[in-house]
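# Topology and contacts: notes
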Amino acid sequence: MPTKSNLFLSAILTIGAAVLIGGCTPPPPPRPTYDSGVTDAEPDWEASSPPEYVMPSVDPLGEPASEGVAESAPEPSRLEPKPTDEPAPAADDEADQEMADDSADEVIDEAAEEAEMDTDPADSPAAEEAAAPAPWEPAETPETAPESSPEPAPEPGAAAAAPATPAAGERVVTGDWPCWGGDVHRNMVNATTGIAIDFEPAATVEEGKRLLWVAKLGSQTYGNPVVSNGKVYVGTNNGGEYRPKHKGDRGVVLCFEEKTGKFLWQLTREKLPQGRVNDWPEQGICSAPFVEGNRLWVVTNRCELMCLDTEGFYDQENDGPYTDETDNEQQDADIVWSLDMIEEMGVFPHNLATSSPIVVGDLVYILTSNGVDEAHLELPSPRSPSFIAVHKVTGEVVWEDNSPLDTILHGQWSSPAAGVVNGQTQIYMPGGNGWLYALDAKTGEHLWEFDLNPKDSKW
Ligand SMILES: [Ca+2]
Ligand SMILES: [Ca+2]
């Protein structure tokens, strides 16, 4: 199997460059605020008494944001404003496309080699996810900011965390990118401008150009990096072998210090014994975490929706209700709660569970990845939910929906998005039958659905 280390190293470097390196200063455009827990404060890895994570005292979904919220609550930025509005560099797009193409090609090769029934390139959950379009949503916020944020909300236009005179004259720290797509709208457009693009990825800082740091990922990486509050997170496989106790194929989320690239901790999940029908080899954790305050949510290769403590065990505390971690050293992940969708919901993830969560108000939304059996003949679990909403603090399932039922064609590897229409918060769920479903965020009630299958398509 061809190694993809270099490719994905380039990917993280690309992201790192987008986050950390630049020659100019971009303006801070207004963006919807859904994460008020982010602070510009310097991370304290040795902190012994972190702030308690408390449930907001208001229900952000109860009263959708009024008009003009986006204008009145600009995203906190650590950049100096600059009156320019350049488009995002095309070089990044090309690199991303190349990655997606390579990923799809490799999956085709692997599948042709290893499984006659799995030769369809769509059998790669990661390839499917990479090709999924993001719905456009106007700049409205689906919620109001919680009043009882565990950490002080940053002041708009707050001074840069980086020193006034950047190291080597190169450093620019942009706003955070705390989930796949940047926010719950999944717009994907990075509003930052003025980033220098004349950088060159390499295996070491010395060999490259304009690199602040380099960190090794797994041999295959489909989880998109996210950046929040001084840390970078990425889902990958165990090729980096950061934890000596774990050898061989695993699903992994790595956490690095944003400023230095220092490895902080790793979530490690063993592979499911069922094999590739439920947990495709070497693809690791494909879900991109959603980060809010000192919590993050991610879907593992074992079809678990997990809530983790961003401080891990560095805070000297095993946060719960889940406290039974077998990996509980400082560089292991501190699991707060876990929802096993196979055990508790009967979900049959086809090839891999891959959904990247969003959090709106108190609820986490994901697709379960329920799909067909290994022979592609039937749905083992047609009544299991495809779309779920889970309380972000307790892990309780608030509502579930099994809409596509037995019309799921293959798998469900997509991720939800959210928006507000006429004052109502809608969750957009791409179903495994090719239909897009819009559900009420609070109740799961169906609002509308749209057939995205070409009219002349055959299955
Ligand atoms: Ca902890
Ligand atoms: Ca724990």
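Just above sits the structure.
The written sequence of each chain sets the order in which its residues are numbered from 1. Each chain is given a letter, starting from A, and each ligand a number, starting from 1, according to the order in which they appear as written. Only residues with pLDDT of at least 70 get local features here, since the model is predicted, and only at 80 or more are side-chain atom pairs given and counted; chain-wide, interface and lining totals rely on the full set of residues.

### Overview of the overall build of the protein
Each helix and strand in the protein was counted, giving five helices and 16 strands. For the protein, the residues scored as buried account for 49% of the 459 residues in total. Put simply, 67% of the contacts in the protein that link residues at least 6 apart link residues at least 24 apart. Segments assigned H or I by DSSP are reported as helices when at least four residues long, segments assigned E as strands when at least two residues long, and all are numbered from the N terminus. The exposure label follows from counting other C-beta atoms within 10 Å of a residue's C-beta, where the C-beta atoms are placed from the backbone and the thresholds are 20 or more for buried and 12 or fewer for exposed, leaving partly exposed in between. By the convention adopted here, residues are in contact when the distance between their C-beta atoms, placed from the backbone, does not exceed 7 Å.

### Focus: the sheet that holds strand E12 (residues 397–401)
Taken together, the four strands give an open sheet; going across it, the order is E9-E10-E11-E12, and neighbouring strands pair in antiparallel fashion. Edge positions in the sheet fall to strand E9 (358–360) and E12, since each of these pairs with one other strand and no more. When the angles between neighbouring strand axes are averaged without regard to direction, this sheet yields 20°. The pairing criterion for strands is at least two bridges between them, as found by DSSP. Geometry is summarised by axes, namely lines fitted to C-alpha atoms with helices restricted to the contacting stretch, and by angles between N-to-C directions that run from 0 to 180 degrees.

### Quick word on the nonpolar core
By definition, a nonpolar core groups buried Ala, Val, Leu, Ile, Met, Phe, Trp, Tyr and Cys residues that connect through C-beta atoms lying within 7 Å of each other. If you look at the biggest cluster of nonpolar residues, it comprises 68 residues, and the most contacted ones within it are Tyr233, Val253, Leu254, Trp297, Leu305, Leu308 and Ile358. Discounting residues that sit within four places of it in the chain, Tyr233 has contacts with Pro225, Val226, Val253, Leu254, Cys255, Pro289, Val291 and Leu296.

### Things to note about the environment of Glu445
Mapped onto the elements of the fold, Glu445 is located in the loop between strand E15 (435–440) and strand E16 (446–451). Not counting residues within four places of it along the chain, the set of residues in contact with Glu445 comprises Leu439 and Asp440.

### Focus: the environment of Trp413
You can see Trp413 is positioned in the loop between E12 and strand E13 (417–421). A C-alpha to C-alpha distance of 7.8 Å links Trp413 and Leu352, two positions 61 residues apart in sequence.

### Let's talk about the pairing of strand E7 (residues 304–309)
With six of six residues buried, E7 lies mostly within the body of the structure. Of the two faces of E7, the one holding Glu304, Met306 and Leu308 and the one holding Leu305, Cys307 and Asp309 are both buried throughout. As defined by bridge partners, strand E6 (residues 295–299) adjoins E7 across five bridges and the pair is classed as antiparallel. Its bridge partner being in E7, Trp297 is matched across the sheet by Cys307. Relative to strand E8 (residues 335–340), E7 runs antiparallel, the two sharing five bridges. Counterpart to Cys307 in the pairing with E8 is Trp337.

### Notes on the sheet that holds strand E2 (residues 231–237)
Working definition: the strands of a sheet are paired by backbone hydrogen bonds and lie parallel or antiparallel to each other. Pairing in this open sheet of four strands is antiparallel, and the strands run E1-E2-E3-E4 from one edge to the other. Each end of this open sheet is capped by a strand with a single partner; those strands are strand E1 (226–228) and strand E4 (263–270). Averaged over all pairs of adjacent strands, the angle between their axes in this sheet comes to 20°, without regard to strand direction. Bridge analysis of E2 against strand E3 (residues 250–257) gives seven bridges, and the strand direction is antiparallel. Note on E3: the bridge partner recorded for Val232 is Phe256.

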